Every structure is written in structure tokens, then in C-alpha cells.
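This is what each chain is made of:
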Amino acid sequence: MLKVNKSLLVKALDVTGLSVPKSNHLEPLVKITAIDKSIAFTTTNTDITTFYKIDNVEIVKGFEVCVPHADLKHFVSKLQGENVVMRLIYNKEQDTMSLYLKSDYTKTLILGRPADIFPCKGIIKNDAKYTSIKADVLLKMINKTITSVCTDEARWYINGILCDIQNNTLSCVATDSHRLTIAKTTLNNQVDDAKFILPRKSLSAIQAFLVNYGNLDIDIYYNTKPKQIVFNCDNYAIATCLVEGEFPDYKRVIPSFVDNSVVCNAKYLISAINQVIGSHNNNVEINVIAGELDNGLQSKIELVTKRRNANEITKATTLKTKTQIKCVASKNIKAVYHFVYLIDSLNACGSEEVTLCFTDPSKPCKIIPVAKENQEMVIDTLAIVMPIRFSYPNAN
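Every chain is numbered independently, its residues counted from 1 as its sequence is written. At least 70 in pLDDT is required for a residue's local features to be given in this predicted model, at least 80 for side-chain atom pairs to be given and counted, and no such filter applies to totals for whole chains, interfaces and linings, which use all residues. Here the side-chain values reflect all heavy atoms present in the structure, with hydrogen atoms and water set aside.

Caption draft 1: Region of interest: the overall build of the chain. Across its full length, the chain holds 6 helices and 27 strands. Using the Shrake-Rupley algorithm and a 1.4 Å probe, accessible areas are obtained, with residue cover drawn only from the displayed protein chains. Accessible area for the chain stands at about 20700 Å²; split by element, carbon and sulfur atoms hold 48% of it. In DSSP terms, a helix is any run of H or I states spanning at least four residues, a strand is any run of E spanning at least two, and both are numbered starting from the N terminus.

The structure is reproduced here in C-alpha cells:
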């Protein structure tokens, strides 16, 4: 038997609800373990395991049981009073167990199951490599790269975010072969080099975990056998299996030579792209026109989209939309890109101004943020957008 604060119990059930199974092949159970002045709650859906522990609990006799998560959460929400008494009751005649809940004016019984039927044996930290990082920094890195994650299950090896630790620097990398985003930061402690891939299906749960801790440090434990990573802070932890397979060599895609660079306002460029895009075309032609004025180098980016007229498609006529914005450029260039990939990459940079680096129309465009004066970049961001080899029909 034990007594626990109701508000802490509600929080524990809310947190562990992230990994309650939604499919029919797994029972939506929560495992409750009461021992050593603490009560722990564990749920798993095979992709994510969530663990939450409440300390300083008055325990007369410990127990371990599995109960339906939804039933427990429902009844706890209905209980009145500040504290909840919990006790495990065995029925030897019927060979069953029940979890007894009691508050000031209410009591109930929830049919329980033996703890050994729970599909997960717990969160593994033994012999794991360890590092720590600010929760808000890791959350920003995931937010920057998540839009580039591949959603094609057939290419499972890029179906997530690569975490590449080299020389005490963490790089989060994602690609779907059309665009690539890299976010880098320096880790808090010395750690061995390592590579692992966070699965796409687990990213939303990891984001939900990180958003709770702001600028607090979180601990990261990662194993190679079994392939598992654990994110832990205080009494809350989540674990996920890592993606099997080898992530492609992303560094080969990054242009080593830049023939032309363009500096422009990211917000204005996104607005201009949205102005020229119509419902019948996804491609934007970027024309960089360099020109020198009296006050120095003053250039412009001209954005063009062309699409076939649906009423005269047999004549191959096109409709043309054009807009332009000011920029600083070294020379002229013309290339075609998908507008979604451009906008996602510009948003990932998260800066007021960006630099667009070109070599030629058949090579990737590299986008990097421009830091303001005296601004320290905690996260270094780099985006790559692959060009579209596309020729528009002639238009008058």
C-alpha cells in the first residue's frame, strides 16, 4: 500500500501517454512499480518507451502490476482529494489481481495483469555511451532538420535524423535526396565519436519530451547492442530503438567550391516565392542579376514561374508570373528549384539574412544563415537544395 499526491499521479499518466500503443496487437498497458520510496510508471509501443518516477512516496508495501492506461487515467481524474491511496489486491480463488484506488470520498478497483507480461524490460543504461546537451538546443536542431527527413519507408536508412558526433561536435543531419539540412553544435562534455539514426516515428515523442525542460541539461545514453538511445532529465526518461543501416555520406553533397554567392533577406525571399507560385506549378526559376551602382554592388533576384494554360494545353501556351527582390551578388546565374524545398531550407536557417551559394544550374544550392554583428551562433545551420533539370515551353 502507498499514498501519492494526486497532481503528481496525473502528471505521470499524462507523460507516459506519449507511448501508449495505438494498434490492436499490443495492449495499452502501463506498468506500475512501487519500491524504495518511489513509484515508477512505464509504457511502450515498441517504438518509444516512456518512464516516469515519483520520489518520496509513503510506501508500506511495494508491488508491481500492469493495468490499462486509459482506465487508470480516467479514474484518477475523477478522484477527489489531494492524495490517492493505492494498493494491490490478490484474489487467490479466481487467481486475479486488482489495483485498489481510494481518495477522500471515492474508491475503485481496476483489474490488473502480472508485471511480467509487459513487453519491455525497462530502459537500458548499462555500458552506454553518455553525453549531455541543453534541451532547447537539441529541440531547435530537430526542428531545423525534421522537414528534410525522408518519409519513404523503402529507404529506411534515411528515414530519420542522423546524429553524427565527431570532435566533440554534434551534427543532426536529414535528407530525402531532394534537400539536405545540417545543424551543428558543441557538446557540453568530452565524448567518443559515434553515429546513430533517430527514427522518424519517434521524433514527435522526443520533441514532446524536450519541450518540458527549456535550457536545462538533459542526459543522453546510447547503446550499440541493443541499438537504443535514452533521453533523461530528473525522473523522466524516454527510450527509442535506433534505425538499422548506414546513413549515406552526406558530406559528398556539400559543394566544396562556390562560384557565386548571393546575400538577401530570407523573409522577403520567402514572400516573393509565395507570390509567384500558383496551383499548377511547384518549380521556381531563380535569376540572379548582378549590377553595380554608384553606392556599391546592388543586384536583384528575379523569381519566375511558368505553367501551361489548362484551357489551351494542346497549344503548349504558358502563363508567366514574375517578381523580384534586392540582393547582393557577384555575378548572374539562373537555376530552377522546388518551392517547398526552398522555403523549408530558408526557414531552417532561422536568420534574417541568408547567403545562397551557387556553382552552376546543375549543381546544388547551398544556403547558410548570416549572423548579425556580435551575435553568437549556438547552432550552425547549412541547407542544401538540389536543382530541378526542367525546361519550360516557349512563351510569348
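Caption draft 2: Quick peek at helix H6 (residues 339–349). Each residue gets one of three labels from its accessible area relative to the maximum for its type: buried under 20%, exposed over 50%, partly exposed in between, using a 1.4 Å probe on protein chains only. Burial of H6 is extensive: 8 of the 11 residues sit out of reach of the surface. Among all positions in H6, only Phe 339, Tyr 341, Leu 342, Ile 343, Ser 345, Leu 346, Ala 348 and Cys 349 are buried. Remark: Gly 350 follows H6 within two positions and exhibits a positive phi of approximately 65°.

Caption draft 3: The arrangement of the confidence of the model for the chain in detail. Of all residues in the chain, 88% have pLDDT values of 70 or greater, and the mean over the chain is 85. The least confident element of the chain is strand E21 (residues 296–297), whose mean pLDDT is 46; the most confident is strand E12 (residues 169–175), at 96. Contacts for the low-pLDDT stretch residues 310–318, under 50 throughout, to residues beyond four places or in other chains number 15 contacts. A score from 0 to 100, pLDDT tells how confident the predictor is in each residue. Contact criterion: two residues are considered in contact whenever any of their non-hydrogen atoms come within 4.5 Å of each other.

Caption draft 4: Just the nonpolar core, in detail. In terms of nonpolar packing, the biggest core is built from 62 residues, with Ile 32, Phe 41, Leu 72, Met 86, Leu 138, Ile 218 and Phe 231 touching the most fellow members. The greatest single-element share of this core, amounting to 6 residues, is contributed by helix H3 (residues 135–145). Every residue in contact with Ile 218, bar those within four places of it in the chain, is listed here: Thr 131, Ser 132, Ile 133, Ala 135, Leu 138, Phe 209, Leu 210, Phe 231, Asn 232 and Cys 233. Residues Ala 272, Val 284, Ile 343 and Cys 349 belong to the second largest nonpolar core, which totals 33 residues. The term nonpolar core refers to a set of buried residues drawn from Ala, Val, Leu, Ile, Met, Phe, Trp, Tyr and Cys, joined through side-chain atoms within 4.5 Å.

Caption draft 5: Expanded view of the pattern of salt bridges. Think of a salt bridge as a Lys or Arg side-chain nitrogen and an Asp or Glu carboxyl oxygen that are within 4 Å of each other. Using the criterion set out here, one finds 11 salt bridges in the structure. One salt bridge connects Lys 31 with Glu 64, and the closest N-O pair in it is separated by 3.5 Å. Of the two residues, Lys 31 is situated in strand E2 (residues 29–35) and Glu 64 in strand E6 (residues 63–68); the sequence distance between them amounts to 33 residues. For Asp 152, the salt bridge goes to Arg 155, with nearest N and O atoms at 3.7 Å.

Caption draft 6: Spatial organisation of the environment of Val 340. Tracing the backbone through its elements, the reader meets Val 340 in helix H6. The class for Val 340 is partly exposed, based on a relative accessible area of 28%. In this structure the C-alpha to C-alpha distance between Val 340 and Ile 273, which are 67 residues apart in sequence, comes to 9.4 Å.

Caption draft 7: Quick look at the packing of helix H1 (residues 6–16) against helix H2 (residues 69–78). Angles run from 0 to 180 degrees between N-to-C directions of axes, and those axes are lines fitted to C-alpha atoms, restricted for helices to the stretch in contact. Where H1 meets H2, the axes come as close as 10 Å, and the angle between the chain directions of the two elements is 150°. What the angle tells us is that H1 and H2 run roughly antiparallel. In terms of crossing hand, the pair formed by H1 and H2 is left-handed. Counting all contacts with H1, which are made through Lys 6, Leu 9, Val 10, Leu 13, Asp 14 and Thr 16, the residues of H2 involved are His 69, Leu 72, Lys 73, Val 76 and Ser 77. Residues are grouped as follows: Ala, Val, Leu, Ile, Met, Phe, Trp, Tyr, Cys and Pro are nonpolar; Asp, Glu, Lys and Arg are charged; all remaining types, including Gly, are polar. Broken down by class, the residue content of the contact of H1 with H2 amounts to 5 nonpolar, 3 polar and 3 charged. Note on angle classes: values under 35 degrees are labelled roughly parallel, values over 145 roughly antiparallel, values of 65 to 115 roughly perpendicular, and the remainder oblique. By convention the crossing between two helices is left-handed if the near helix lies anticlockwise of the far one by an angle smaller than a right angle, and right-handed if it lies clockwise.

Caption draft 8: Seen up close, the packing of H3 against helix H4 (residues 203–210). At a minimum axis distance of 9 Å, the contact between H3 and H4 shows a crossing angle of 150°. The angle between H3 and H4 places the two elements in the roughly antiparallel class. The chirality of how H3 crosses H4 is left-handed. Here Ala 135, Leu 138, Leu 139, Ile 142 and Asn 143 of H3 lie close against H4, whose contacting residues are Ile 206, Gln 207 and Leu 210. Taken together, the residues that form the contact of H3 with H4 break down as 6 nonpolar, 2 polar and no charged.

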